[in-house]
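Structure at a glance
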Amino acid sequence: MNIWMKGTKEFWDQRYLNRNMGWDIGEISTPLKEYIDQLTSKDLRILVPGAGNGYEVSYLFNHGFNSVYAIDISEIPFKKFKKEHPYFPKDQLLIGDFFEFDDMKFDLILEQTFFCALQPDLRENYAVKMHAVLKDGGVLAGLFFDFELTEDGPPYGGDIEEYREVFSKYFHIRKLERAYNSIPPRQGSELFFIFEKKKT
């Protein structure tokens, strides 16, 4: 498959159908869980982009965050999610291209393996789009992979200086450091971050 096809709906449909999702750990990751656990307001409007099987979405909803939305380019994982979570509002599962989404603004966006699944030449677009769909003072938080960037992804890697350069134009870097609570297979290869949207 040519590299330009990697971001297409067909590419991701095939990945989900073949269960070829090497970074899917089958549950919410520890750094994300512990970050969510310290959130004090249940009224936040939260987006999980590239949500896939929706472990973070499920965890948020089950812990009282009713305004949590998920978006994915493929509807295949959402079919499974709907069966497993029949009470989750169907209109909060959004199918489509995140970069074409502009229907609402969010207080918080959680990043978990969406960024690493995008081709690296989309990273500036990612930062711009995240800035656009967050409310003023909104937060983008989550995990980036910290390993050598190659063309062999997804997942694609990167390093702390690259991330700082891309995001500091649009966000205040509140935290960007090695995750101390990664699951054992990811120890030493994840960066936890909290970025606050700069006012336009």
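Residues numbered from 1 in each chain as written. Predicted model: local features only at pLDDT ≥ 70, side-chain atom pairs only at ≥ 80, totals over all residues. Heavy atoms only, no water.

Section: the overall build of the protein chain
In terms of regular secondary structure, the protein chain is built from six helices and seven strands. Going from N to C terminus, the protein chain has its helices and strands arranged as α-α-β-α-β-α-β-β-α-β-α-β-β. Across the 200 residues that make up the protein chain, the buried fraction comes to 50%. Contacts in the protein chain between residues at least 24 apart in sequence constitute 66% of all its contacts with a sequence separation of at least 6. Put simply, the protein chain shows about 10100 Å² of open surface, and 49% of that area lies on carbon and sulfur atoms. (Helix = DSSP H or I, 4+ residues; strand = E, 2+ residues; numbered from the N terminus. Buried < 20%, exposed > 50% of the residue type's maximum accessible area, 1.4 Å probe, protein only. Contact = heavy atoms within 4.5 Å. Areas by Shrake-Rupley, 256 points an atom, 1.4 Å probe, with all protein chains shown as cover.)

Description of the sheet that holds strand S4 (residues 106-112)
Taken together, the seven strands give an open sheet; going across it, the order is S3-S2-S1-S4-S5-S7-S6, and neighbouring strands pair in mixed fashion. Only two strands of the sheet have a single partner each, and these edge strands are strand S3 (93-95) and strand S6 (171-178). Each strand of the sheet is rotated relative to its neighbour by a mean of 15°, with strand direction disregarded. Relative to strand S2 (residues 68-72), strand S1 (residues 46-49) runs parallel, the two being bridged by four bridges. Bridging from a neighbouring strand, Pro49 pairs with Ile71 of S2. Running over the sheet, helix H6 (residues 160-167) touches strand S5 (134-145), S6 and strand S7 (190-197) and is turned about 170° from S6. (Pairing = 2+ DSSP bridges. Axes fitted to C-alpha atoms, helices over the stretch in contact; angles between N-to-C directions.)

Overview of the pattern of salt bridges
The full count for this structure, using the stated rule, is eight salt bridges. With a closest N to O distance of 2.9 Å, Glu124 and Lys169 form a salt bridge. In this pair, Glu124 sits in helix H5 (residues 123-133) while Lys169 sits in the loop between H6 and S6, placing the two residues 45 residues apart along the sequence. Looking at Glu124, the relative accessible area reads 30%, which means it is partly exposed. (Salt bridge = Lys/Arg side-chain N within 4 Å of Asp/Glu carboxyl O.)

Things to note about the packing of aromatic side chains
In this description, an aromatic ring pair is defined by two values, namely the gap between the centres and the angle between the planes. In the structure shown here, the tally under the stated rule is 21 aromatic pairs. Taking 5.7 Å as the distance between ring centres and 75° as the angle between the ring planes, the aromatic pair formed by Tyr69 and Phe106 counts as edge-to-face. Here the residue Tyr69 occupies a position in strand S2, and Phe106 occupies one in strand S4, the gap between them amounting to 37 residues. According to the relative accessible area criterion, Tyr69 is buried, its value standing at 12%. (Phe/Tyr/Trp six-rings, centres within 6.5 Å; stacked < 30°, edge-to-face > 60°.)

A word on the side chain of Gln112
Considering the arrangement of structural elements, one finds Gln112 in strand S4. What makes Gln112 buried here is its relative accessible area of 9%. A polar atom in the side chain of Gln112 sits 3.5 Å from the side chain of Ser29. (Polar contact = N/O pair within 3.5 Å; in protein donor to acceptor, adjacent residues only side chain to side chain.)

Side note on H6
Taken together, the buried positions of H6 are occupied by Tyr163, Val166 and Phe167. Projected down its long axis, H6 shows its buried positions confined to an angular sector of 85°, all on one face. Residues of H6 that are buried in the fold lie against H5, S5, S6 and S7. Residue Asp159 occupies the N-cap position of H6, its side-chain oxygen lying 3.0 Å from the main-chain nitrogen of Glu161. (Arc of directions from axis to C-beta.)

Focus: unusual backbone geometry
Even without glycine at this site, Thr113 takes up a positive phi of about 65°. By the secondary structure assignment, Thr113 is in the loop between S4 and H5.

Describing the packing of H5 against H6
Look at H5 against H6: their axes get within 9 Å of each other, and the N-to-C directions meet at 50°. The angle between H5 and H6 places the two elements in the oblique class. Judged by the sense of rotation from one axis to the other, the crossing of H5 with H6 is right-handed. On H6, the residues touching Arg123, Glu124, Tyr126 and Ala127 of H5 are Glu162, Tyr163, Val166 and Phe167. Here the contact of H5 with H6 is built from residues that sort into five nonpolar, no polar and three charged. (Parallel < 35°, antiparallel > 145°, perpendicular 65-115°, else oblique. Left-handed = near helix turned anticlockwise from the far one by under 90°. Nonpolar A, V, L, I, M, F, W, Y, C, P; charged D, E, K, R; others polar.)

That's the geometry; what it means functionally is another story.
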